[in-house]
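Close look at the chain arrangement
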Amino acid sequence: GTRVGSKELWLGMKQTVQLTGGSGKAALLVDLGIALVKRQADVIEFLCEELKCRGNPTALAQKLKDPKWRREVEKQIKNRQITHGRRGHAASAKYTDWTARWAGHYQKGSGPRPARKLRSLSEMSASEYMFDHQGQQKSVQQYFEEKYGMKLQYPDLPCLCFGAQGKNAVPMELCEFGGGEPAGIDSQQDRDAVIKHTSGQARERLQKVEGFARQVKAEASASGSTASAFGIAVGDPMKVNGRELPL
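Residues numbered from 1 in each chain as written. Predicted model: local features only at pLDDT ≥ 70, side-chain atom pairs only at ≥ 80, totals over all residues. Heavy atoms only, no water.

Some details on the overall build of the protein chain
Assigned secondary structure in the protein chain consists of 8 helices and 12 strands. Burial analysis of the protein chain (247 residues in total) assigns 34% to the buried set. Here the analysis covers contacts within the protein chain between residues at least 6 apart in sequence; of these, 65% occur between residues at least 24 apart. If you sum the accessible surface of the protein chain, you get close to 15900 Å²; carbon and sulfur atoms cover 50% of it. (Helix = DSSP H or I, 4+ residues; strand = E, 2+ residues; numbered from the N terminus. Buried < 20%, exposed > 50% of the residue type's maximum accessible area, 1.4 Å probe, protein only. Contact = heavy atoms within 4.5 Å. Areas by Shrake-Rupley, 256 points an atom, 1.4 Å probe, with all protein chains shown as cover.)

Quick look at the structure:
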C-alpha cells in the first residue's frame, strides 16, 4: 500500500458471482475498491512520530507522563491489534517459547504473528509497574530480565496492557501494531490521497483497468477458482464505439 501519515492506502478488487436476467447464466462482477487502513508499525516509532518526538524514546517517555497526552494516545491506540516484536533484542529460548505459547492462545489477526487487542497504557513505566509473582513483588522490567534475559532499552516508557482487566503488561519496546485494520477518512491529507489515486489522465486510468483485467483473467482461468467452478470464462476486453462529449 501507499503510506498516508499513520495509515496506508490499499487498492483492490471485489469479485462476486451473480445470475443474469432470465437466462440463469452466472456472471462474474468485478468492482475496484480503495480503502485506508492502519499501517503496520513499531509502537515506539509510531508514537514518536504522532507526538512529534523526532524518534527520541526518552522525549516520548517524558511526554507520556502527562495525563493529558496519555489519554490522547490511549484514545488513538485502544483496541488496536498488537503483535510481539523484539526491537533489536536477541530472542532467548524462553522468550521464543513464551511467544509460541501466547500464539497458541491468540490465533486472531493477520500476518506471521497473531495479534490481540490493546486495552490501555499503564500509568507507570516498566521499571515502576509492580505485580505479584509467586509471592514476590517484581517490576515488569525485572520480570523480563530475569525470566527471558532481556535487558530493556527503554524501561522509562509505559507498558501496553492486555486482557479483560488490562492487567497483562508488556514492555512497549516488545510490541508492534499489526496493521490492516480499517481507518476512516478524517483529514484533508486522507482526502487528498484518495482523490490522487482515484483520478488521473484517461490513458493512465485505462492502463490500470487493463492491468486489473489481465489479473482477473489469470485468476478466473486458474484451476479451482470460483469463476471456473461456475463455468465462467473471462476473455479479452470488449471494444465498443464511443464518442467524445463536448465540454
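Here we look at the sheet that holds strand E1 (residues 2-4)
Taken in spatial order, the 3 strands of this open sheet run E1-E2-E3, and their pairing is antiparallel. Since the sheet does not close on itself, it has two edges, and those belong to E1 and strand E3 (25-38), each with one partner. Pairs of neighbouring strands in the sheet enclose a mean axial angle of 40°, with direction left out of account. Sheet analysis places strand E2 (residues 7-20) next to E3, joined by 14 bridges and oriented antiparallel. Paired with Gly 12 across the bridge in E3 is Gly 33. (Pairing = 2+ DSSP bridges. Axes fitted to C-alpha atoms, helices over the stretch in contact; angles between N-to-C directions.)

Brief notes about a nonpolar patch on the surface
A grouping of Val 30, Leu 32 and Val 209 is seen on the molecular surface, where their side chains present a nonpolar patch of about 230 Å² in accessible area. Note that Val 209 resides in helix H7 (residues 202-221). (Patch = residues over 30% accessible without salt bridge, like charges linked within 9 Å, V, L, I, M, F, W, Y side chains within 5 Å. Salt bridge = Lys/Arg side-chain N within 4 Å of Asp/Glu carboxyl O.)

Some words on the state of the cysteines
Inspection of every chain in the model, using the stated rule, returns 0 disulfides. Cys 175 takes part in no disulfide bond, and the closest cysteine sulfur to it belongs to Cys 159, at a distance of 8.8 Å. In this structure Cys 175 comes out as buried when scored by relative accessible area, which is 1%. (Disulfide = S-S within 2.5 Å.)

Concerning the packing of helix H1 (residues 43-50) against helix H3 (residues 67-77)
Remark: H1 packs on H3, axes separated minimally by 12 Å, with the N-to-C direction vectors making an angle of 120°. The angle between H1 and H3 falls in the class oblique. Every pair of crossing elements has a handedness; the one defined by H1 and H3 is right-handed. Packed against H1, whose contacting residues are Phe 46, Leu 47 and Glu 50, the element H3 presents Val 73, Gln 76 and Ile 77 at the interface. (Parallel < 35°, antiparallel > 145°, perpendicular 65-115°, else oblique. Left-handed = near helix turned anticlockwise from the far one by under 90°.)

With respect to the nonpolar core
If you look at the biggest cluster of nonpolar residues, it comprises 35 residues, and the most contacted ones within it are Val 43, Leu 47, Leu 60, Ile 77, Ile 82, Leu 160 and Met 172. Broken down by secondary-structure element, the contributors of at least two residues to this core are H1, helix H2 (57-63), H3, helix H5 (140-148), strand E10 (158-162), strand E11 (168-171) and strand E12 (175-177). No other element matches H1, which puts 5 residues into this core. (Core = buried A, V, L, I, M, F, W, Y, C linked by side-chain atoms within 4.5 Å.)

Some points on the environment of Asp 236
One can find Asp 236 in the segment after helix H8 (226-229). Separated by 23 residues in the primary sequence, Asp 236 and Ala 213 place their C-alpha atoms 8.0 Å from one another. Side-chain polar atoms of Asp 236 contact the side chain of Lys 217, separated by 2.9 Å. (Polar contact = N/O pair within 3.5 Å; in protein donor to acceptor, adjacent residues only side chain to side chain.)

Notes on the packing of aromatic side chains
Across all of its chains, the model carries 5 aromatic pairs by this definition. A ring pair is formed by Tyr 143 and Phe 144, whose centres lie 5.7 Å apart and whose planes are at 80°; its orientation type is edge-to-face. With a relative accessible area of 3%, Phe 144 lands in the buried category. Arranged with centres 6.0 Å apart and planes meeting at 85°, the rings of Tyr 143 and Tyr 148 form a pair that is edge-to-face. (Phe/Tyr/Trp six-rings, centres within 6.5 Å; stacked < 30°, edge-to-face > 60°.)

A short note on the pattern of salt bridges
A full pass over the atoms with the stated rule returns 7 salt bridges. Put simply, Arg 3 and Glu 49 hold a salt bridge, and the shortest N to O gap is 2.6 Å. In this pair, Arg 3 sits in strand E1 while Glu 49 sits in helix H1, placing the two residues 46 residues apart along the sequence. For Arg 39, the salt bridge is made with Glu 49, and the minimal N-O distance between the two is 3.3 Å.

So, the sheet that holds E11
Sheet architecture is open: 3 strands sit in the order E7-E10-E11, paired in antiparallel fashion. Both outer strands of the open sheet, strand E7 (120-125) and E11, are each paired with one neighbouring strand and no more. Along the sheet, successive strands turn relative to each other by an average axial angle of 40°, direction set aside. Where E7 lies against E10, 3 bridges are found, and the strand directions are antiparallel. By the bridge assignment, Leu 121 is partnered in E10 with Leu 160.

In short, the description is geometric, and any link to function would need to be established separately.
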